[in-house]
Structure formats: structure tokens, C-alpha cells
Amino acid sequence: MPERRPEQDGAIAGTGMGGAMDFATSEATTLAPAPGGPGAGGAADTGRPRSLWSDAWRELRRNPVFLLSALVILFLVFISLWPSAIAPGSPLSCDLAKAQDGPGPGAPFGYDGQGCNVYTRTVYGARTSVTVGVCATLGVALLGSVLGALAGFFGGVWDSVLSRGTDIFFAIPVVLGGLVLLSVVTSNTVWPVIGFMVLLGWPQISRIARGSVITVQQNDYVQAARALGASHSRILLRHIAPNAVAPVIVVATIALGTYIALEATLSYLGVGLKPPSVSWGIDISAASPYVRNAPHALLWPAGALAVTVLAFIMLGDAVRDALDPKLR
């Protein structure tokens, strides 16, 4: 009977089903994944756990809608910070002799009814719109998220009071509320408009945050943290908030474009920003009476407003698709 070699004993492993699997050591080595290939820590699999945010960023980079809207928004931010880089002169410098004139040298968009350069005013108007939209969105997201998270986490009387309060604010028409509240304000800055938007905009974010917190706190890892004696603040900030913030980000991104449109609407009605402030809503309102004689004075600021609002809505839709695993 031939003598069994020692290396053969180590090459036999039971299958757990009464049989045996005989793989030579050299053969097992050849079945190992090649370096850099799938499952071996290469580009396809880094060996690190994938999170919702990394998956979302990977999806966004491949989404042409996100890339296009992001480029438009970056351009708007650039001209908001440095409008003089692409717009000559001052938006308040006007010449009545050129009132309602068409495009010409130095004025590719023509002149409005006061002889102001429409191109320069359109560029400078982006600063007001972006400032109002970003500040209002941050205020609404912060206030609504805090109130909604506390209501969803603690429940009880606090939840009931907040729910009834949001119902009251939802019953107030936004435009009518703006006409009433801003008509008594004499300040000519953007802050009264931002404050009004935060005052009437937080209930929507609050409801989103409340529902998201209620859903997340039912998960096992939150219950385990409670069982281990973690404090309320630690559970809310370390375990619930990072996993409940995605819906708030989506709604806030879409709402940013809505706030820009609302500022233009209130300025058009005469209760938002007022001259000499530069705003697309003010320019649209001033150009409306002579739209037949000088349509360019109305079309350019209105077009800039439409593109800006559309860019933020498209960005919000792309973010929503990336953060919702059900839509992949």
C-alpha cells in the first residue's frame, strides 16, 4: 500500500455533508482573486463599508442633470460674489436718453425704461436672489429640523403642540401673508424678506424632519443605544440625526428655488425689496408697463429668474434620486 504524503492530509477538508473536498494547496492558491480585481480590494471593492452618502455621491457624479444644474448654480454663485467681473459699470447708473433702446455696444441686453443697462442689472440681480434663497433655506432648515426632530423624538404633549402650530401656519397663504407682514416694514434690506420666509417656511421642513425621526428611531441600533444607557442628546445627535437628515436636505434644496421665486414675486408686488435695490422682481415689475415697446427689458430678468429656479429644482430632484435607494 503506497505511503500517504503529509501534504495530502492537509488538502482534505470535510464538506459538512459526509463527503470530502480534495483541493491541492497549489490549486487553492490559483483560485485566490488577483490583486486589484473584484473582491480583492481593487477599484471595484475597496474593502471599506459603503455608506448612503458615498453611494449618493457616486450616483450624482454620473447624473447629467446634476452636473448641468451644478454648473449653472456655480456660475450664479460666482457672479453673485464678483458681478463686476463680467458686468461693466454700476447697475444704478442710468441715462434717460437711452431709455428703451435695444442692444448696443456695452449693453448686449439693451436698456430699460429708465435708461439703465439691462445686462448689468440682470447680473447684479443674481446677488440678491442667491442671498435670499440661501439664507432663507438655511434658516428654514435649521428651525424646522430642530423643532421637528424634538417633536418626533419626545412625542407626547410637545408633539401635539407642534402639530397644531404647523397646521396654523399652513393655513396662512404665503403671498397674502407677505403682503400683510412686509407692507408695514420700512427697511430696504433683504433681511425682512428672509425673516418672513423663515417664519412661514419652517412648518414644511418640520413635518419632514418629524416623520423621518419617528421612522429612524424604530431601528435596532437606536433601541440598542437606549438599552446601553445612552443619553437623549447622544442618541439624537449621533444615531438618529445622521440617518434622518437626507429627506430634509432634499426638500430644502428644492425649496431654495421656490424662495428665490417668492422674493421676486413679493418685489414685483412692491412689498419685497424696493428701489434702489437691484432685484429681478423689481426689474420685471418696472418693465411690465412697456413690454410691447421694449420686451427685452422684461425677458432677460424673467429668463434669468426662470433658469435659476429651474436649476435648483433640477438639483433637488437629482439629490432626491441619489439619496432614495428605492429609485436606483
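Within every chain, residues take consecutive numbers counted from 1 along the sequence as written. Predicted model: local features are reported for residues with pLDDT of at least 70 only, side-chain atom pairs are reported and counted for 80 or more only, and whole-chain, interface and lining totals are derived from all residues. Calculated side-chain values reflect all of the structure's heavy atoms, with hydrogen atoms and water omitted.

**Some points on the packing of aromatic side chains**
- Pairing of aromatic side chains requires ring centres within 6.5 Å, counting the rings of Phe and Tyr and the six-membered ring of Trp. Pairs whose planes differ by under 30 degrees are stacked, by over 60 edge-to-face, and all others tilted. Counting across every chain of the model gives six aromatic pairs.
- Here the aromatic rings of tryptophan 57 and phenylalanine 66 are separated by 6.3 Å at their centres, their planes lie at 90°, and the arrangement is edge-to-face.

**Describing the state of the cysteines**
- Throughout, disulfides are identified as pairs of cysteine sulfur atoms within 2.5 Å of each other. Inspection of the entire model under this criterion finds one disulfide.
- Here cysteine 94 connects covalently by a disulfide to cysteine 116, the sulfurs 1.7 Å from one another. One disulfide, between cysteine 94 and cysteine 116, carries an S-S torsion of 80° and so falls in the right-handed class. Remark: cysteine 116 occurs in the loop between α4 (64-81) and α5 (118-154) and cysteine 94 occurs in the loop between α4 and α5; sequence separation between them is 22 residues.
- Exposure is judged per residue with a 1.4 Å probe applied to protein chains only, and the accessible area is read against the type maximum: over 50% gives exposed, under 20% gives buried, and values in between give partly exposed. Residue classification places cysteine 94 among the partly exposed residues on the basis of a relative accessible area of 39%. Starting at the N terminus, helices and strands are each numbered in turn, a helix being any DSSP run of H or I of at least four residues and a strand any DSSP run of E of at least two.

**Observations concerning a nonpolar patch on the surface**
- To count toward a patch, a residue needs a relative accessible area over 30% and no salt bridge; like charges are then connected within 9 Å, while nonpolar side chains (Val, Leu, Ile, Met, Phe, Trp, Tyr) are connected within 5 Å. Using a 1.4 Å probe, the Shrake-Rupley method yields the accessible areas, and only the shown protein chains count as cover for residues. By definition here, a salt bridge exists when the distance from a side-chain nitrogen of Lys or Arg to a carboxyl oxygen of Asp or Glu is within 4 Å. A surface patch of nonpolar side chains, amounting to about 720 Å² of accessible area, comprises Val174, Val175, Leu176, Leu179, Val180, Leu181, Leu199, Tyr268 and Leu269.
- No other element matches the six residues that helix α7 (residues 174-182) contributes to the nonpolar patch.
- Mapped onto the secondary structure, leucine 269 falls in helix α11 (residues 246-269).

**Notes on the environment of valine 216**
- Structurally, the position occupied by valine 216 is in helix α8 (residues 191-216).
- The spacing of valine 216 and glycine 152 is 64 residues in sequence and 10.0 Å in space, taken between C-alpha atoms.
- Not counting residues within four places of it along the chain, the set of residues in contact with valine 216 comprises Tyr221, Val222, His239, Ile240, Asn243 and Ala244. A contact between two residues is defined here by any heavy atoms of the two lying within 4.5 Å.

**Describing the confidence of the model for the chain**
- The share of residues in the chain with pLDDT of 70 or more is 83%, and the mean pLDDT across the chain is 83.
- pLDDT measures the predictor's confidence residue by residue and takes values from 0 up to 100. When the criterion is pLDDT under 50, residues 4-46 qualifies, and its contacts beyond four places in sequence or with other chains add up to 25 contacts.

**A word on the nonpolar core**
- Only buried Ala, Val, Leu, Ile, Met, Phe, Trp, Tyr and Cys residues count toward a nonpolar core, and they belong to the same one when joined by side-chain atoms within 4.5 Å. In terms of nonpolar packing, the biggest core is built from 37 residues, with Ile260, Leu305 and Leu323 touching the most fellow members.
- Elements with a contribution of two residues or more to this core: α3 (52-61), α4, α5, α11, α12 (280-287) and α13 (296-323).
- No other element matches α13, which puts 12 residues into this core.
- Within the second largest apolar cluster, 24 residues are counted, among which are Val198, Leu200, Val251 and Tyr259.

**Comments concerning unusual backbone geometry**
- Residue proline 275 is joined to proline 276 through a cis peptide bond whose omega torsion reads 10°.
- Within the element layout of this structure, proline 276 appears in the loop between α11 and α12.
- Residue glutamine 100 is not a glycine yet carries a positive backbone phi of 65°.
- Since its relative accessible area comes to 31%, glutamine 100 is described here as partly exposed.

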